[in-house]
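# Summary of structural features
Residue strings, one per chain:
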Amino acid sequence: MRQSRHVGKTLRETPKDAQTAAHALLLRAGFMRQISAGVYVYLPLLHRTLAKIAQIVREEMEAAGSEELLMPALQPRELWLESGRWERYTAIDGIMFAFKDRRGSQVCLGPTHEEVVTDVLRREISSYKDLPKNVFQIQTKFRDEIRPRFGLMRAREFIMKDAYSFDADEAGMESSYQAMREAYHRICRRIGFNYREVEADPGAIGGSASHEFMVLAKTGEETIIHCPNCGYAANQEFASSRLEEYPQDPEPLPMQEVFGEGLIGVEPLAEFLKIPVWKTTKTLIYETDQGVVAAMVRGDCDVNELKLAKLLGCKTLKLASPELIKELTGAEVGYAGPIGLPPEVRIVADHYVNNRVNFECGANKTNYHNINVNFGRDLPPPQFGDFKLAKAGHICPRCESRLAADRGIEVGHIFKLGTKYSEPMNCVFLDAEGRRKPVLMGCYGIGVSRMAAAWVEQSHDEKGIIWSPQIAPYHVHLIGLNLEDPTIREAAEKTYERLQAEGVETLFDDRPLRAGEKFSDADLIGLPIRLTVSRRTAAGQAVEYKLRHEKEAILLPFDEALVKIKSFCGLNS
RNA sequence: CGGGACGUAGCGCAGCCUGGCUAGCGCGUCUGAAUGGGGUUCAGAAGGUCGUGGGUUCAAGUCCCACCGUCCCGACCA
């Protein structure tokens, strides 16, 4: 492509809305433009990169036995009523674009395709002989995000690859899942990501097991908890951990109410009471769709709200308002405790709240705390569960090492769905004994557009993006300098022609600009190889060859440069 | 959804508090000249419904109201 005719000029200044490096660079380098909140135009350069990512994904999916199809983005409400997800996606979470068509039928723009694919496949499958099946598509998805953010990272319209597997039994589903999992590793490796696979929560999609593929980046929205010793790794919202336990007092002491004015937060409280932080207790008041809940965690911990919601079996969960807290506890925020709450408040506690002798908790009275509290004597033991938030420094659930934390960008997520959709949607088959059984499903997503952003987040310097040859929009950025000189112009044109003839994808900067501007643009756009043809090179039939991630350029005869280019980009000679 | 901020030329901003002639600046764009391997220099020029609608006023980019749009923050505290 000739840059003189290319759409997507570079910007000298960073657009003010750009928050992350990837967002800023993709805008500045002319890869995309924003159309509205969370909605972007993929300009030609980004379009090419997306196509390359999609192609890698496609090849690996097909290699793993999946078959490509394309389902509609526009979906009828009926299917979502069948699966039972309409309410959650529209009214409760409000994450789905839904509206009425001209006849008054409710329709939505698909944020995902479990319903449609289940509908499609239930018509295909009637016998165990029809299984297994595996289909995928690469398509635009729509999600009315609460807060679109960071450009392509959290957009309202984005490109996703989603695959779905259908099996007759557990073993089949397991092997489909493992095949997809391996394909995901191959995809991440081919693109060249520095990534980690982690255990994850099956969440709203549902199902029994789930893994996420996280690209490691400081600006990642997810926190990964992992064990440097045994390799355990999980999304923080799903991670387990163990806490250090401490020697307990030999005897329970009398419970006591202590005045401590304005002690907000466990650190100053522990200091004031002269007790270790682990003896303190946080009691958090939550409003849920099933009433008010008081959740207790050890003072040095936080609540994992996802785990808490699962334990409670509730659909919605949020911290109570200060007004409600005052009403229920009779105290200002900061002094809630489990003793003396109204009977309608359900009390639950994390396991690590238990097995402590003489612990502290709020007294439900402004400025007062109870110390030397003991379950059984001072209050009935509540329901216990595991809902503390795992953190770096906690003990690994699988070995004795300390956990560490990293930030990551979720680019892939795979789920074992089981019969979550096949059962309500009646996607069934007859087995060899003639018994009717629901199909076992799996679903497997990859954020194609998010991968592009994740790459930039992971691979850039102060000058611009650094693409790998695998997903770069073009292999070579050919810079022509001194083009007003006909001899040089001809040399540059000829170089361009030969590169194209050899199958090297080339962006040819034929614009009448100064060298500095061209080199700056080249660095910003970040194609992996830069070739320069100029007064310096024209005489000797040479070109100047420079890799984006290296500092020095070298002068080479064209044929030698061509060999290097092909080998660097993995092109056949 | 709650809270906050912003909307002035293609991009980034000033002007608004304290209303007053032809609304400025930098970058970019166009013309000319010089320069010619890391955003060079000089001279000149074009380009704006001041988000939209209403109101106050002799007078509104500036004050008031509504709407639209964009961005940021949001429990980590018991």
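Please refer to the structure placed before this passage.
This write-up is about the structure you can find in this document.

Reading the values: the criteria
Residues numbered from 1 in each chain as written. Chains lettered and ligands numbered in written order. Predicted model: local features only at pLDDT ≥ 70, side-chain atom pairs only at ≥ 80, totals over all residues. Heavy atoms only, no water. Helix = DSSP H or I, 4+ residues; strand = E, 2+ residues; numbered from the N terminus. Buried < 20%, exposed > 50% of the residue type's maximum accessible area, 1.4 Å probe, protein only. Lys, Arg positive; Asp, Glu negative; His and termini not counted. Salt bridge = Lys/Arg side-chain N within 4 Å of Asp/Glu carboxyl O. Polar contact = N/O pair within 3.5 Å; in protein donor to acceptor, adjacent residues only side chain to side chain. Contact = heavy atoms within 4.5 Å. Near = heavy atom within 4 Å. Nonpolar A, V, L, I, M, F, W, Y, C, P; charged D, E, K, R; others polar. Phe/Tyr/Trp six-rings, centres within 6.5 Å; stacked < 30°, edge-to-face > 60°. Lys NZ or Arg CZ within 6 Å of the ring centre and 35° of its normal. Pairing = 2+ DSSP bridges. Axes fitted to C-alpha atoms, helices over the stretch in contact; angles between N-to-C directions. 1 Å grid on protein atoms, 1.4 Å probe; cavity = no way out; pocket = protein on both sides within 12 Å on 5 of 7 lines; lining within 4 Å. Points joined across faces, edges and corners; volume = space filled by probe spheres on them.

## Digging into the side chain of Glu410
Among the secondary structure elements, Glu410 is positioned in strand S21 (residues 404-418). The buried charged residue Glu410 lacks any salt bridge, with Arg450 as its nearest oppositely charged partner at 4.4 Å. Within the structure, the side chain of Glu410 is placed 3.0 Å from the side chain of His413, a separation counted as a polar contact. With residues near it in sequence (within four places) discarded, Glu410 still touches Glu212, Phe213, Met214, Glu222 and Arg450.

## Things to note about the protein's contact with RNA strand B
Close contacts around RNA strand B come from 40 residues, with Arg12, Arg147, Gly265, Asp523 and Ser534 the closest. In this structure, a sugar or linking oxygen belonging to RNA strand B sits 3.1 Å away from a side-chain N or O atom of Asp302. At a separation of 3.4 Å, a base nitrogen of RNA strand B approaches a polar side-chain atom of Ser520. Top contributing element to the surface near RNA strand B by residue count: helix H12 (residues 515-525), with seven residues. Partitioning the surface near RNA strand B into residue classes produces 12 nonpolar, 12 polar and 16 charged.

## Here's the deal with the packing of aromatic side chains
Scanning all chains against the criterion turns up 11 aromatic pairs. Site record: aromatic cluster; members linked through ring pairs are Tyr184, Tyr195 and Phe213. Here Arg48 stacks its cationic end above the ring of Tyr474, 3.9 Å away from the centre of that ring. In this structure, Arg77 is placed above the aromatic ring of Trp86, and the distance from its NZ or CZ to the ring centre is 5.8 Å.

## Re the sheet that holds strand S4 (residues 74-76)
An order of S4-S6-S5 is seen for the three strands of this open sheet, with the pairing classed as antiparallel. At either margin of the open sheet sits one strand with a lone partner, and together these are S4 and strand S5 (97-100). Within the sheet, the average angular offset between the axes of one strand and its neighbour, ignoring direction, is 35°.

## What to know about the layout of surface pockets
Volume-wise, the second largest pocket comes out at about 400 Å³. Forming the boundary of the second largest pocket are 21 residues, of which Lys282, Thr283, Gly334, Tyr335 and Ala336 lie nearest the centre. For the lining of the second largest pocket, the secondary structure elements donating two or more residues are helix H7 (266-273), strand S14 (281-288) and strand S18 (359-362). Per-element accounting of the lining of the second largest pocket gives the leading share, five residues, to S14.

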